[in-house]
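Per-entry structural report
Each chain is listed here by its residues.
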Amino acid sequence: MPRLFHIISIVGARPNFMKVAPIGEELALESTSFRSTIVHTGQHYDSTMSDVFFDQLDVADPDVNLNVGSASHAQQTAAIMSAFEPVLLEWQPDLVLVVGDVNSTLACALVAAKLGVKVAHVEAGLRSFDRSMPEEINRVVTDQISDILFVTERGAEQNLRREGIASEKIYFVGNVLIDTLLSKLERARALHRREIEPDGDSGYAVLTLHRPSNVDDRRVFERLMSAVAEIGKELPVVFPVHPRTRLAVEASPTAAQLLQDGRLELVKPLGYLQFLGLMDRSHLVLTDSGGIQEETTVLGIPCLTLRDTTERPITVSEGTNQIVGSHPERILEGWRRVKTAARAPRTPELWDGKAAHRIVQILRSFSEAHGPGSQNP
Ligand code: UD1
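Residues numbered from 1 in each chain as written. Predicted model: local features only at pLDDT ≥ 70, side-chain atom pairs only at ≥ 80, totals over all residues. Heavy atoms only, no water.

**Remarks on the sheet that holds strand E4 (residues 95-99)**
- Read from one edge to the other, the open sheet built from seven strands follows the order E3-E2-E1-E4-E5-E6-E7, with strand pairing classed as parallel. In this open sheet, the two edge strands, each paired with only one partner strand, are strand E3 (64-65) and strand E7 (170-172).
- As defined by bridge partners, strand E1 (residues 5-11) adjoins E4 across three bridges and the pair is classed as parallel. Along E4, the bridge assignment pairs isoleucine 8 with valine 96.
- Docked against the sheet, helix H4 (residues 103-114) engages E1, E4 and strand E5 (118-122), running at close to 160° with respect to E4. (Pairing = 2+ DSSP bridges. Helix = DSSP H or I, 4+ residues; strand = E, 2+ residues; numbered from the N terminus. Contact = heavy atoms within 4.5 Å. Axes fitted to C-alpha atoms, helices over the stretch in contact; angles between N-to-C directions.)

Following this line, the structure appears as structure tokens:
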């Protein structure tokens, strides 16, 4: 019997789980062609940041957990690389599949590329053009060393070409994050976690914040909280708090006071289904996340992105997103626009729930050309 084409998929941090889930499902359907294993780097380790996603997304348990935990960027990246290298040497896969732009993405892509193992990058080509974002460095470097680049929007393809990536390595396949959203939306809607949603008919907003540039600088963080407290006078705000942000709240008496005075409700990080349901029923989302900009676009919920740039411009040109930075005037101006200007968002091209299927079909052709038994392994 011919050897199966072995793909290791990497997960590490919260936004990775929902991207790998649909690819894993598609690979399982092709079990006569592929062997699929999962390596969890352990970059995120709290049960609310990791385990709950495995339970809710039906992702297979990781075959190995590298348990690297939190550290500085250099230390974390180095720890992942040192721990992943022996796994790769032992397992000798045909391809390593990485998603998104977190430190685990870059670290594992680097190890694979240096050992001559093919790398596929899902969600390639997104650029904020802001190199002060750690994720931007991860994106640029991962794309340079990847052999197959799957993109979610056409602009990403242009970014890659500009950086000298050969066209034949790039595939526009749609968005795996949206595959997961569409397949889980009904379950999320059926799940009544109304105890975290404010009472009354006025509706509510959802806030998420975790970027170092927003939460580690106390002045910026307090500025943001004052703008959110202002919106809270009109719409109560539910705020699931990332561990990094929890530290910022605890360190700032001003933020704590604003939270106490305003209609802001802090809750712990939520599971995927709870958060999706919460967003789906909300009137407004304020966030500095990347993926949430895409999810609100598909749900048709207005989104104010609390950053100066986005690497996902299609969420602005076609979706519900406004980039409003961290200054209260701009945030409140964005909120006024939400209230006055009715926009008819469009769902971006190929965000149709079939991205993972396309990816696996392309991987199958790749495996036939480069896998065990082929002429060009
Ligand atoms: C990481 C990603 C970011 C992604 C985010 C989603 C990088 C560079 N950043 O940022 O792109 O949007 O995940 O959450 O990879 N912590 C815990 N428990 C955990 C994980 C983290 O308490 O399970 C705390 C630790 O204090 C840690 C801090 O959160 O130092 C930050 O975690 P880290 O993984 O370094 O970065 P994130 O800010 O989560």
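**Remarks on the packing of aromatic side chains**
- Under the definition given, this model contains four aromatic pairs.
- Taking 5.8 Å as the distance between ring centres and 25° as the angle between the ring planes, the aromatic pair formed by phenylalanine 17 and phenylalanine 53 counts as stacked. Taken together, the residues phenylalanine 17 in helix H1 (residues 14-29) and phenylalanine 53 in helix H2 (residues 51-57) connect sequence positions 36 residues apart.
- Given the relative accessible area of 1%, phenylalanine 17 is considered buried.
- Plain terms: the ring middles of phenylalanine 150 and tyrosine 171 are 5.9 Å apart, the flat faces sit at 40° to each other, and that makes the pair tilted. Placement of phenylalanine 150 in strand E6 (residues 148-151) and of tyrosine 171 in strand E7 is noted, with a sequence separation of 21 residues between them.
- For phenylalanine 150, a relative accessible area of 1% corresponds to the buried category.
- Three or more aromatic residues link up through ring pairs in this structure, and these residues are Phe17, Phe53 and Phe54. (Phe/Tyr/Trp six-rings, centres within 6.5 Å; stacked < 30°, edge-to-face > 60°. Buried < 20%, exposed > 50% of the residue type's maximum accessible area, 1.4 Å probe, protein only.)

By themselves these figures say nothing about function.
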